[in-house]
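# Reading the structure
These are the residues of each chain, in order.
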Amino acid sequence: VQLQASGGGLVQAGGSLRLSCAASGRTFSSYAMGWFRQAPGKEREFVAAISWGGGSTYYADSVKGRFTISRDNAKNTVYLQMNSLKPEDTAVYYCAADWRFGTTTTAEYDYWGQGTLVTVSS
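The present account deals with the structure reproduced in this document. (Residues numbered from 1 in each chain as written. Predicted model: local features only at pLDDT ≥ 70, side-chain atom pairs only at ≥ 80, totals over all residues. Heavy atoms only, no water.)

Next up on the list: the overall build of the protein. Scanning the protein from terminus to terminus reveals zero helices and eleven strands. Along its sequence from the N terminus, the protein presents helices and strands in the succession β-β-β-β-β-β-β-β-β-β-β. Against the globule reference of 14 Å for 122 residues, the protein gives a C-alpha radius of gyration of 13 Å, in line with a compact fold. If you line up the protein on its principal axes, its C-alpha atoms span 40 × 25 × 25 Å. By residue count, 43% of the 122 residues in the protein fall in the buried class. In the protein, the proportion of contacts linking residues at least 24 apart, taken out of those at least 6 apart, comes to 58%. One way to put it: in the protein the 11 positive side-chain charges average out to a point 6 Å from where the 9 negative ones average out. (Helix = DSSP H or I, 4+ residues; strand = E, 2+ residues; numbered from the N terminus. Rg over C-alpha atoms; globule rule 2.2 N^0.38 Å. Buried < 20%, exposed > 50% of the residue type's maximum accessible area, 1.4 Å probe, protein only. Contact = heavy atoms within 4.5 Å. Lys, Arg positive; Asp, Glu negative; His and termini not counted. Charge placed at Lys NZ, Arg CZ, Asp CG, Glu CD.)

So this is what it looks like as C-alpha cells:
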C-alpha cells in the first residue's frame, strides 16, 4: 500500500488542523493505521492508532483528549483531527499501516507515508 499524508501547516497555539492520509490499493481496510510524529532532533514517536474498521482507537498520553483519529474505508483515507495545539506538537507527522492493531513502535509498521509538517507557533 502507498500512503500520502497532507494537511500540515502553520497554526497558532490553541488552533486546530486536520491531517489526511490517502492510501492506494484495494486492501486499505485490511490495515490498521497509525500516526507518528518526529520533532527536530528527536526520535519518531507514536501518536494514535485505529483498527481496521475504525471501531477501536488509542492515543499517546500527550495527545489524549486533544487529537482524534478516524478513517473512511470507502475513501481509503485516515484522518487526524488535532485540536488545542501546543508548540510542543510541532513535528513532521507520518501515517503508517500495519496488518496488526495495537502496535506503537516504528519497527512494527510496514508502510509509511512521506510526512507532513505541522508547526505550532506560541
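This is not the end of the story, as more comes after the structure.
This part takes up the side chain of serine 51. As for its position among the elements, serine 51 is in the loop between β5 (45-50) and β6 (57-59). Judged by relative accessible area, which is 6%, serine 51 ranks as buried. Apart from residues no more than four positions distant in its own chain, serine 51 is found in contact with Ala32, Ser56, Arg71 and Phe101.

The next point concerns the pattern of salt bridges. Tallied over the full model, the rule gives five salt bridges. In this structure, arginine 37 engages aspartate 89 in a salt bridge whose closest nitrogen and oxygen atoms are separated by 2.9 Å. Within this pair, whereas arginine 37 is found in strand β4 (residues 32-38), its partner aspartate 89 is found in the loop between β8 (77-82) and β9 (91-98), the two being separated by 52 residues in sequence. Salt-bridge contacts for arginine 66 lead to aspartate 89; the nearest nitrogen and oxygen are separated by 2.7 Å. One end of the pair, arginine 66, is in the loop between β6 and β7 (67-72); the other, aspartate 89, is in the loop between β8 and β9, with 23 residues separating them in the sequence. The class of arginine 66 is buried, set by a relative accessible area of 11%. What makes aspartate 89 buried here is its relative accessible area of 0%. (Salt bridge = Lys/Arg side-chain N within 4 Å of Asp/Glu carboxyl O.)

One recurring pattern in soluble globular proteins is that nonpolar side chains are buried together. Core analysis: the biggest nonpolar cluster contains 35 residues, and Met33, Trp35, Leu80, Met82 and Tyr93 have the highest contact counts within it. Those elements that provide at least two residues to this core are β1 (3-6), β3 (17-23), β4, β5, β7, β8, β9 and β11 (116-121). Apart from residues no more than four positions distant in its own chain, methionine 33 is found in contact with Leu3, Cys21, Phe28, Ala48, Ala49, Ile50, Ile69, Arg71, Val78, Ala96, Ala97 and Tyr109. (Core = buried A, V, L, I, M, F, W, Y, C linked by side-chain atoms within 4.5 Å.)

Strand pairing in a sheet takes place through backbone hydrogen bonds and is either antiparallel or parallel in direction. Strand order in the open sheet made by the four strands is β1-β3-β8-β7, with antiparallel pairing throughout. Whereas interior strands pair on both sides, the edge strands pair on one side only; in this sheet they are β1 and β7. On average, each strand axis in the sheet is tilted by 15° relative to the strand beside it, whichever way the strands run. In the sheet, β1 pairs with β3 via four bridges, with the strands oriented antiparallel. Paired with leucine 3 across the bridge in β3 is alanine 23. (Pairing = 2+ DSSP bridges. Axes fitted to C-alpha atoms, helices over the stretch in contact; angles between N-to-C directions.)

Along the polypeptide, glutamate 88 turns up in the loop between β8 and β9. Measuring from C-alpha to C-alpha, the distance between glutamate 88 and serine 62 comes to 9.7 Å, with 26 residues separating the pair along the chain.

Coordinates in, geometry out; function isn't part of it.
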